[in-house]
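Each chain, written out:
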Amino acid sequence: MVAVIYFSRRGKNKQDGRCQYINVGNTEVVAQKIGLTLNVKPIEIKPLQAYPVDYFETKARSHEEYLNGTQVPIAPVDFDITDNLIILGFPNWWGTMPQAVKTFLTKYDLGGKKIYPFVTHEGSQFGKSLDDLKQLTPDSLIMKGLPVRGTRAYKSESSIKNWLENMNLN
Ligand SMILES: Cc1cc2nc3c(=O)[nH]c(=O)nc-3n(C[C@H](O)[C@H](O)[C@H](O)COP(=O)(O)O)c2cc1C
């Protein structure tokens, strides 16, 4: 009934102002914790062309995609289309969701479903991603979201628990 779907990137990232290598992306860390709580295996949105490990190369590519509104090709997202509760996670990139997440929302019809968004970020929380989400899924019900600071992803259990409880998802 509930699907946990997320985009995340491992590799070099700016964390607390320093470039560091992380081998599990922050959003994936949160997605796994949500999955463990709900006993659901999270499903990843994967761009066909993976993002570089290098932080600056990723910034350059994703900025161009953002500016051009590129529909980044993604691999099929293997979730049960009859699931009517969708927990959707992504990092804040350029003040909104990565273009690959927009591709997912364009390709898969989530009309009539409840979407519970969560974001990881380095200060701008959801940015304008919720407006973009509403625009891309006009027939879905967007529920209250959970913002998590990327560097706090490992310590996000209690905020996840409160959020899921408040949403009656636990
Ligand atoms: C290309 C890029 C753009 C980003 N843009 C923003 C931004 O606009 N606002 C913000 O708060 N954080 C921004 N961040 C920081 C990420 O949102 C944050 O590190 C997030 O936790 C990364 O999640 P991930 O490890 O799952 O990819 C950006 C990071 C990258 C790599």
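What counts, and at which threshold
- Residues numbered from 1 in each chain as written.
- Predicted model: local features only at pLDDT ≥ 70, side-chain atom pairs only at ≥ 80, totals over all residues.
- Heavy atoms only, no water.
- Buried < 20%, exposed > 50% of the residue type's maximum accessible area, 1.4 Å probe, protein only.
- Helix = DSSP H or I, 4+ residues; strand = E, 2+ residues; numbered from the N terminus.
- Pairing = 2+ DSSP bridges.
- Near = heavy atom within 4 Å.
- Polar contact = N/O pair within 3.5 Å; in protein donor to acceptor, adjacent residues only side chain to side chain.
- Areas by Shrake-Rupley, 256 points an atom, 1.4 Å probe, with all protein chains shown as cover.
- Nonpolar A, V, L, I, M, F, W, Y, C, P; charged D, E, K, R; others polar.

### Describing the pairing of strand β1 (residues 2-6)
In terms of burial, β1 is largely enclosed, as five of its five residues are buried. Pairing of β1 with strand β5 (residues 85-91), which is carried by five bridges, proceeds in the parallel orientation. Residue pairing across strands places Y6 opposite G89, the latter belonging to β5. Note: β1 against strand β4 (residues 43-44), two bridges, orientation parallel.

### What about the site of the ligand?
Around the ligand sit 21 residues in total, of which S8, T27, N92, T120 and S124 are the nearest. At 2.7 Å from an oxygen atom of the ligand is found a main-chain nitrogen or oxygen belonging to N92. Within the backbone of G123, one N or O atom sits 3.2 Å away from an oxygen atom of the ligand. Across the complex, the protein chains shield 91% of the 650 Å² of accessible surface that the ligand would expose by itself. Of all the secondary structure elements, the ones that give two or more residues to the shell around the ligand are α1 (26-38), α2 (55-68) and β6 (114-121). When residues of the shell around the ligand are assigned to their parent elements, the largest contribution, three residues, is made by α2. Classifying every residue of the shell around the ligand by side-chain character gives five nonpolar, 13 polar and three charged.

### Section: unusual backbone geometry
Positive phi, close to 45 degrees, is recorded for Q125, a residue that is not glycine. Look at N168: it is not a glycine, yet its phi comes out positive at around 55 degrees. Along the chain, the position of N168 falls in the segment after α5 (157-166). Taking the relative accessible area as the measure of exposure, N168 reaches 67% and is therefore exposed.

Shape is all these values report; function is a separate question.
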